[in-house]
Every structure is written in structure tokens, then in C-alpha cells.
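Spelled out from the first residue to the last, the chains are:
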Amino acid sequence: MALELERVAVVRGADGAQGSGVLLTSTFLLSAGHVVGNAESVTAAVRGGTGWTSCTVVVRVDDVVLLQAARPLVDGELSPLPVARPQGLIPLPGCHATGFPAAERDAQETLGSHQVTGTLKPGPGRTPGRRILETAHRPPTPSRPSVPSIPSAGTDSPWAGLSGAGVFHGTTLLGIVTADHSPARWGHSQLEVQELDEELSDALLRHASKATVLVPPPTLTESEAFELDYRESLHAQYGRIRIFGLDLDDRVRDTVDRMELDTAYLSLSAHQSRRWDILPEITERRTGRAETLLADRTRTLLRGGAGSGKTTLVQWLALHAAELSGFEDRIPFVLKLRSLHKLPRPGEFLVASRSVVADSEPRGWTTAVLRAGRGLLLVDGVDEIPENRREGAREWLSELLRLYPGTAAVVTARPSAVRSEWLAADGFEELTLLPMTGEDRKTFVDLWHRAAGAPGELREGLLRTLDRSPALTSLTASPLLCAMLCALHRNRNGALPQGRMAIYAAALSMLLARRDMERQVEVELSEEDHLALLQGLAHWLVKEGRVEGDRADAVNQIRRLQGHLSTDLRGRSAESLYAYVLERSGLLYEPTTDTFEFIHRTFQDYLAAKEFSEDRSFNSLLSHADDEQWADVIRMTVGHCAPRDRSLLLERLGEDPRDENRALLAGSCLPFAPRLAPETRALVLDRLEPLVHTSRLRELDRVGDDVLTIVPPTIWAERSSDYATLLGRLGTSAALRTLATGIDQCRADNRLDDLTTEWRCFDAAQFADLVLAPLQPAERHLFLSSREHLRELDRLGSSEAVTLFDLSAADLRAHKLPPGTSRVYVVNSPDLEDLELLSRHTTLRKLTLSSCPALSDLGCIPALRPESLSLWDLPAVPTEHLREIVQALDSCTEICLGPAEVRGLAGRTTQPGVRSTFLNAHGEPGEDQWLGEILQIFPALGHIELLLTNSVDSFDLRPLINTTTSIRVSFTRDREEEPQLTGGDELGKRLTVHRMHDGS
């Protein structure tokens, strides 16, 4: 028996409160008591029913009421409704409630229904008769002030209006929604549900005996029960992370050796590697929090350098992906490539990921999840498998995704591990994790010191030291290096080493010797012996192309090394030495009882490089120079070498002038070699000069500030965008001064945005002084993504254009835009509800609003008289409100709309003033209808810009055949065949096809 939609009712209380209800028969229904209030009668209606009808209260039990309508609410009788009482403490997934939240009400007071799905769990404190529906949804944003129907601790709830909705499992009624449970704590993700307890069931039997049938409580299927167990196991497996240096103090070691992920997680920024969107001024380098950007795409290749937080982000996704829009209800599978001896089939995923519940997986469960389109593959560490295995990994993944096309995926790799567009054919878009910003660094330092129980003055002292030392600040770009500096600063009484190699050396010394000495533990191995064993293990792993090794192999390697140790250690068993190194070094851990790996691959590479430098095994090293997996080992070997060996290694590394990659690798070794013969440094840089005038210019950031000596000033006229990107990646004081030298040329070429987009990469105040202040207000485009930027906005005053990324409503209220700005772009503001930030403006030439999920009030836009308007991904804007705004745009000639906005306007709105528009197709259902709908909305349309993302293989252009409208179709996918454009031949010269390369 299917659950009928006509059972879902809307209920209006006497005091104006609006709630929901569920019909038992055509005249009896249940709702929430607080919707009815103290009244003895209310009105109710069912969509498609007999209209609003008076209802009287038959019985009240706690916060549930049984109502009887004066006449049938629907035509015909309804079958008796199965009713059950949940029992026990086992959560019940697959439950749902359908009602009429006020967020679905439009400007014409028309209500829309909404279904909430989730898991029914025992109530808070196991309160009798109460349950919690834990939702898998992002809460809606009210499109108007909410009606007072659902209590939410004194605040308007986004679920207002859902009170009284029936909670079902299948077709069986289990309870009634009564409240938004502890919204401040749970973020509107949990709804309180009153069970149909014994008293209420008796009342139903007395007053509506034919309306319900009492059935046994629903039970979990084997697959549902296992899914609960599996999700719980993910928290046990991935819910804690290691943060370097927190285990050095006995007072906190037991509590912080591994921190709770939700406490320690730092959200980092990422940027798109290519221009996927259609807002040209702001999306070529679209930047945002990694989680926000991941939510916008189903498949992502995530690049990031060593220690940048890739694996931590994968762990966070394993626990929290369901909170991201588009990932709700997905089941994550974490596959760390470094620990896989073979690439697994779906039925082997849990074993391969070492899940503790793998042995109890029902037969075919993983395959069923993938087939249902609910899977999320989290494939970590493409760079951690040998280069000759990577193509096989790509084919394995591609085959899986073709077999299960509904599967989402995130794949991580270091920046140069695989070529650009490596996974584009399978619908992957690319993101790159960015270095930590100044605000990120302060947040991380504060988190680290609080977790370590360190005094506040120590934290403030470190921040002051970093502020005074740009060289040290540049070393806090990754969470790993920042944690190292925190630990070293605490353990060395404020003294910090200078340079990356010095920091690694000091961190190892601190781990190997100082920890045991400060604990007054008898040291069985000298630091030299300890290092010899660790170097040997690291060297063996690198040569084998592995990150994880077997315990038996570690013992064998130690046995081979014993002859090189101190005399008293040669007679010790290799097993005991391995156990000692594992327990005492703080550098090794065992993922399983039979395997080992270093706590971070950076330490493995550093120690292996030390072994290579001491052995002078340069031939062996150079034979792997074309393998990205060896790149950091080579760089660190250069850092370990004596100056003469450094010169020898670098000269041999770049001796083939035609090999750009080796020349670039040699250049990237320079930051690891502060002492180097001048002629060797000059030779390495000379070999890089040919790259300066190519698209690889931006890759030269790996060379460090030395690269600035080989880039001529004329580069600003040739490749201003690439050079500005390079300087932003360097992020040093010297780079900032060099960036400022490009002002005159970029002004002459009308490319000042190439400079100003790099603000996020530098100190906010220094950038404002050196780059922004010298510009005239009419030529400034400010790109703001932090509170530091907003403070400088107040100081700089008016500017021609302002782009606001990832800023909260509170921040935007505190720093209103100065008058005089003619172009405003607001992107990824999570809680912005209105456009008060524009209150000081009377006109705007261009306005873009994109990915603002809470924005609902666009009322000020017509008065601003924009000539160009972009509205994209604004789900909280009521459809009727959007129509009113578009129809009132008498000054607008150019408009950009997202798919949801097009659907909302189609067939109901006409705006003859618009002459051009932009569309962005993602391969979603119904997109082929866009052109016809757009032509109805904008009948005078002269030109369309259409971008086909990499998931679109074909598009129907036939609606344009009998018009005069021209269209340019752009696509970013790196493929031999262009997308199929049906009707394209008939358009003739009105169709232009543009293949985009390098984000252009």
C-alpha cells in the first residue's frame, strides 16, 4: 500500500499559527497541540481536497491533538492507517515526514509541501514517548517571517509550519513532529517527535476506531541495520586525528595524542583549477572553503601539497559528507591507495579500508549502495602509489564510475602527481587546496595551544614572532608545518629554527631525544642509532615505492642494519628494537597489527633523503627524477647534502636543456639549499629562463624568491595573469613588492584585476598599501574574503568593483560597502538573508549574487537600476518574488540565471529589455529546454553565452533555428571530440564554438 499525498493536511490555529497534520480518515486527523493552542476549533485543508474546513478538538495527549472535521476534507474514504509504537534504543533509518513548512510559502501565500527524511532515534535522556528525527537535510531558509507554529527555543525555526506532520516508516505512522530540538546545539538538524503512545492509541481506538490499525513496530532489514553499524564504525575509524607535537607533554599526552576530528578540524580554502562557471570576472580563480566548493560538484580531483590537509579533509568527509548539499544520504567508502595491495572490487571495499564491520557486511550490500546511486568514493593519495600504477588506478576508477554512474567521488593527489584533466573524461572537476591564510594560521595556533594546555602568553608570543618574521610566516602555509612550529616554540622556549630543513631536523631531534630526556626515561638508543633505524626503514619504503610496509619487513630491515649500530645493540633482537622505535620515536604507527607507516609521508621522505645523501646514491636517485613520488625525496636530499654534493646533484639533474620537468625540479630544490655555489645557482636559474615566457611561468613558484631574478619587467606586458599568480603563490614580501611594479603596465593594458585578485595571498594591510592604495577608485576591483580585507575596505573607501567571497552576514553588516561602487559580486555567503550591505548605494551598473543559500529578499534591486544582473543558486528566493524583480528591471540589458531561476521564471515572466544572457549547463535533467524557456522570458534576446561543463556531451540548439539570436558555446573538457550540438548546422554563422584552455 502506498502512502497517499492526500493524507497530508495544513492546519491553521485560532491565533494565526500554521502547522501540518495527517489524515486518519476523511474527517479525522492528527496535528500538534501547540498549533491549535487553547482553541477548541481550528481550520484544516488538504491540497486537491474539499477546501478549508472547520475542525474541533476531540482529545489532547501531551502535544498531540486528534481533530474531527465538520465535513470530509477529501472525497471518498481512506483506508485504515497502520500505526505502530517504536521500541528499544535501535535507531530506525528510512523514516520520513511530509508537511507544509513556511519556507515553502511564496509571496501569494501559496503553501508548498516538503518531505523530510532521516533516522528516528530515542529521545533526549530517553524521555518516554519522545523520539528524535535526525534529518539528512540542510534546513530550509524561511522566505518570509515564519509563522509561530514550531517551538525553537525562542527563535524562528526554519522548519516552522512542519509541526503536526506525521512521521512514517514506509506507510506506518510512528509519531507526530512537535518541535525543533535544541537548534542552538544541533543546528536545526533534529526534530522532536511524539510517539503514538498507549494513551494516544487508546484515544484513537475510542474516537476513531476504524481509522487506524495497530501493527507491530517496524524492524530494520539486514541492510538497514548494517548501514547503521557501518556509519557508527566510520566515527570510530576516522573520528580522531593526530596533530604533530601534542604528545610531547605527559600532562596532555593521553588526551591529545589523537584529537577529536570535530574539535581539531580546520576548514581550509581551495580554488578551482579551471574556469567552470559563467561569471567571467569572478570565476576564473573562484576561491572558497573546500567543503563549500566540494558541495557544488559530484566528482572532484583535489590537489594539495605535502601536509596541506588532504587526508584530514577526506576523514572529515567520511563523517560529514551527508551535511553537504547534494551529498545527503550518501554512504562514504574511504580507500587509501597507499595501503592497497590490489585495487578492490565493490564487495572488497570494506576489507580494503580495514573497516571493523567488514566481516558482518551483508552479501552484495556495497554493490547495492553503488547501484542505487548512494555511494561516495573517497580515494586518498594517488601520489602515494608508484607512477607506473597510476594509470591502472585511473582505469579502475573509470570502470567503477561507468558501471555505477550515480556514484560521487573525491580523489586526492599532490599538485604534480597527475596531469591536468587526468579524470576529466569521467566528469571530475579540479580543486587545489590553498596555503593557510593569516586568519587560518591564528585559528590553528589557538587550537593547538588550547589542545596542548599551553598558556595564552606562549600562543601570543608565537604569533608576535611570526608577525615579525616573514620568512617564518611563509613556513606556516600548511597545517603540518604550522604544528611543527607550535611544538618547537613550546619546547625551545620561544627559539625557532629558520628554514624548512632546519625545522624538520629540530622536530626530529625533539621527538627522538628531548621527549624521553624531559620525561626522565632511560634512553636505550642514542639519537644517532635511532635515526639510523628510521632512515633505513624510510629508505626501504621509498625504494619499494610504498608508504605502508609490513611489520615483518620492518624487522628484517632492522636486522640488516644492526651491524651498523652501537656495539651494545648488535646483540638485541630485531623485534625488540622495532618495538622500541615504534613506541618511543613518535614517528611510526601501526595502522594494523601487521603493518607500519610514518605519521606523515613528509618524515619518511626527509629520512630517506638523509640516507641517500649520506650514501651519495645519486645515480639511484636521479633514475627516479621523472616520478613525482620521488620529487620531495630529491629536494630534501639536496637539502641534506654538503655544498659540493649539492652542486653535483643539481648540475646532473638539469643537464638536458630540453627536459623542462627536470629543470623545474632542479629549480624547486633551491629553497632547500641556502648554501650553494653561485655558479650552480645561476646555472639552475638559466635553465629555467625558457619557461618564463610560457604558460608554465606560474609553476615557477616552487623555485622560491630566486625566480624573481630571471623574470624581466617586460613580462607584465606578455603574461600578467600568470606572473601575478606566480607572485601570489610565493606570498613573500619580495613577491609583494614585485607585484606592485606591475601597476603601470597592467593599467595601460586594462588588466589591473590580474593584480588585485591576489590580495588573499598576502598580508592584508601591506597589500592595501602597496597595490590598492596607489590605484584610483575608478580602477580598483577589490576581492575580499576575510575580516582583514573588510577592515582595509573601510580604510580604502570607494572602489569601482567589489567581490565578496565566503563572508558571513554579520561581517557584511559590520562593514557596509562604501558609496561609489558600480559593480558588486557576492559569492558563497552562507547566511546572508538580505541586501542591507547595499543600503548606501543608489545605483549599480552590475550586480552578481551567486551561491547564497539564505538570501531571500531582493527587493532593493530594481531601485539600483543595474544594467547587468546575475542570479545564480539562490534557493531561498520565492519564485513569485523573483518574477516581480525580473519584470521590474527596466534598465537591465544583460542577465545571467541559474537553472533553478530559469525554471522559476519560465512561462510566467516576460522581460523584453534584456539583450544578452549567460547559461551554464551541468548535464542536469531538463537543461535542453532552457533555450526555449529563455526565449519566452527574454523575447528580444540577441545573444547567448552557453558554457558546457565536462559532464555535458550534447546540447539541443534547435529552439534558436527560427530566431535571430546568436550563441557562443564554450566547453572546458579536454577531449578529442567536441560536444554534439543538435541543430548547430542550421544556425550557420550565428553559432560560435569556443574550446577553453587554461581557464580562458
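Please read these numbers as outputs of a predicted model, since none were measured by experiment. (Residues numbered from 1 in each chain as written. Predicted model: local features only at pLDDT ≥ 70, side-chain atom pairs only at ≥ 80, totals over all residues. Heavy atoms only, no water.)

## A look at the sheet that holds strand β20 (residues 331–336)
Selection rule: By the convention used here, strands pair only if DSSP detects at least 2 bridges between them. Secondary structure elements follow DSSP: runs of H or I of four or more residues count as helices, runs of E of two or more count as strands, with numbering from the N terminus. For every element, the axis is a line fit to its C-alpha atoms; helices are fit only across the contacting stretch, and the angle between N-to-C directions ranges from 0 to 180 degrees.
One open sheet holds the 7 strands; their spatial order is β18-β17-β23-β19-β22-β21-β20, and the pairing between them is mixed. A strand with exactly one partner marks an edge of an open sheet, and here the two such strands are β18 (287–289) and β20. Pairwise comparison of adjacent strand axes, ignoring direction, gives a mean angle of 25° for this sheet. One ladder, built from 6 bridges, connects β20 with strand β21 (residues 375–380); its direction is parallel. Within the sheet, the bridge partner assigned to F333 lies in β21 and is L377.

## Things to note about the side chain of T53
As a reminder of what qualifies: Under the scheme applied here, a residue whose accessible area is under 20% of the maximum for its type counts as buried, over 50% as exposed, and between as partly exposed, the area being computed with a 1.4 Å probe on protein chains only. Contacts described as polar in this section are N or O atom pairs within 3.5 Å, which, within protein, must combine one atom able to donate a hydrogen with one able to accept it, while residues neighboring in sequence count only if both atoms come from side chains. Working rule for contacts: check all heavy atoms of both residues, and any pair within 4.5 Å makes them a contact.
Summarising the element assignment, T53 is placed in strand β5 (residues 53–61). Given the relative accessible area of 3%, T53 is considered buried. Separated by 3.4 Å, the side chains of T53 and R71 make a polar contact. Excluding anything up to four places from it in sequence, T53 contacts V42, T43, A44, A69, A70, R71 and L73.

## Re the environment of S54
With respect to the secondary-structure elements, S54 resides in strand β5. When the C-alpha positions of S54 and T43 are compared, they lie 4.4 Å apart, and in sequence the two are 11 residues distant. Apart from the residues lying within four places of it in its own chain, the contact partners of S54 are S41, V42, T43, Q68, A69 and A70.

## Things to note about the packing of aromatic side chains
In plain terms, the rule: A pair of Phe, Tyr and Trp rings is counted when the ring centres sit within 6.5 Å of each other, with Trp represented by its six-membered ring. The angle between the planes then sorts it: under 30 degrees is stacked, over 60 is edge-to-face, the rest tilted.
Counting across every chain of the model gives 13 aromatic pairs. Ring geometry for Y578 and F596: centres 6.3 Å apart, planes at 75°, overall edge-to-face. One end of the pair, Y578, is in helix α20 (residues 574–584); the other, F596, is in strand β26 (residues 595–598), with 18 residues separating them in the sequence. F596 shares its class with Y578; the two are buried. Centre to centre, the rings of W759 and F767 are 6.0 Å apart; their planes meet at 20°, and the pair counts as stacked. Residue classification places F767 among the buried positions, given a relative accessible area of 0%. Cluster of aromatic residues (ring-pair linked, three or more members): F226, Y230, F333, F349 and W365.

## Focus: the sheet that holds strand β34 (residues 943–948)
Within the open sheet, the 10 strands sit side by side as β27-β28-β29-β30-β31-β32-β33-β34-β36-β38. Their pairing is parallel. Of all strands in the sheet, those bounded by a partner on one side alone are β27 (781–784) and β38 (991–995). Across the sheet, the axes of successive neighbouring strands diverge by a mean angle of 10°, strand direction being ignored. Note: strand β30 (residues 846–850) against strand β31 (residues 868–872), 5 bridges, orientation parallel. Bridge pairing links L849 to L871 in β31. The strands touched by helix α33 (residues 787–796) are β27 and β28 (801–805); relative to β27, the strand with the most contacts, the crossing angle is about 150°. Across the face of the sheet, helix α38 (residues 930–937) comes into contact with β33 (916–921), β34 and β36 (966–971) while running at roughly 155° to β33.

## Considerations on the side chain of D380
Position of D380 among the secondary structure elements: in strand β21. The class of D380 is buried, set by a relative accessible area of 1%. Separated by 2.8 Å, the side chains of D380 and T311 make a polar contact. One polar contact links D380 to T412, side chain to side chain, over a distance of 2.5 Å. When neighbours within four sequence positions are excluded, D380 is seen to be in contact with T311, V314, L335, K336, L337, R338 and T412.

## Quick look at the state of the cysteines
Quick reminder of the rule: The disulfide criterion is simple: two cysteine sulfur atoms within 2.5 Å.
Tallied over the entire structure, the rule returns 0 disulfides. Looking at the unpaired C486, the closest cysteine sulfur is the one in C482, lying at 4.7 Å. The exposure class assigned to C486 is buried, which follows from its relative accessible area of 0%. The thiol of C669 is not disulfide-bonded; the next cysteine sulfur, from C641, is found 9.8 Å away. Taking relative accessible area as the criterion, C669 reaches 0% and is therefore assigned buried.

## Let's talk about the environment of L488
Mapped onto the elements of the fold, L488 is located in helix α16 (residues 479–491). Spatially, the C-alpha atoms of L488 and M510 are 7.7 Å apart, while their sequence positions differ by 22 residues.

## Observations regarding the packing of helix α19 (residues 551–561) against α20
Put simply, the rule reads: What sets the label is the angle itself: under 35 degrees gives roughly parallel, over 145 gives roughly antiparallel, 65 to 115 gives roughly perpendicular, and the rest give oblique. All residues other than Ala, Val, Leu, Ile, Met, Phe, Trp, Tyr, Cys, Pro, Asp, Glu, Lys and Arg, Gly among them, are scored as polar; the first ten of these are nonpolar and the last four charged.
At a closest axis distance of 9 Å, the pairing of α19 and α20 adopts a crossing angle of 110°. Comparing the axis directions of α19 and α20 gives the class roughly perpendicular. In this structure, α19 contributes R551, A554, V555, I558 and R559 to the contact, and α20 contributes A574, E575, L577 and Y578. Of the residues in the contact of α19 with α20, the class split is 6 nonpolar, no polar and 3 charged.

## Focus on a negative patch on the surface
The criterion, for reference: Residues forming no salt bridge and having over 30% relative accessible area are the ones grouped into patches, like charges within 9 Å of each other and nonpolar side chains (Val, Leu, Ile, Met, Phe, Trp, Tyr) within 5 Å. Here the accessible surface of atoms and residues is derived via Shrake-Rupley with a 1.4 Å probe, and residues count as covered only by protein chains that are part of the display. Salt bridge, as applied in this entry: a Lys or Arg side-chain nitrogen positioned within 4 Å of an Asp or Glu carboxyl oxygen. Counted charges follow a simple rule, with Lys and Arg positive, Asp and Glu negative, and His plus the chain ends left uncounted. One atom stands in for each charge, and that atom is NZ of Lys, CZ of Arg, CG of Asp or CD of Glu.
A grouping of D62, E198, E199 and D202 is seen on the molecular surface, where their side chains present a negatively charged patch. Inspection of the secondary structure puts D62 in the loop between β5 and β6 (64–69).

## Digging into helix α28 (residues 720–730)
Residues spaced three or four apart along an α-helix point in a common direction, a consequence of the helix completing one turn every 3.6 residues. Counted residue by residue, α28 has 10 buried out of 11 residues, so it is predominantly covered. Within α28 the residues assigned to the buried category are S720, S721, D722, Y723, A724, T725, L726, L727, G728 and L730. Where the residues of α28 are buried, they touch α27 (715–718), α29 (733–740), α30 (743–748) and α31 (753–756).

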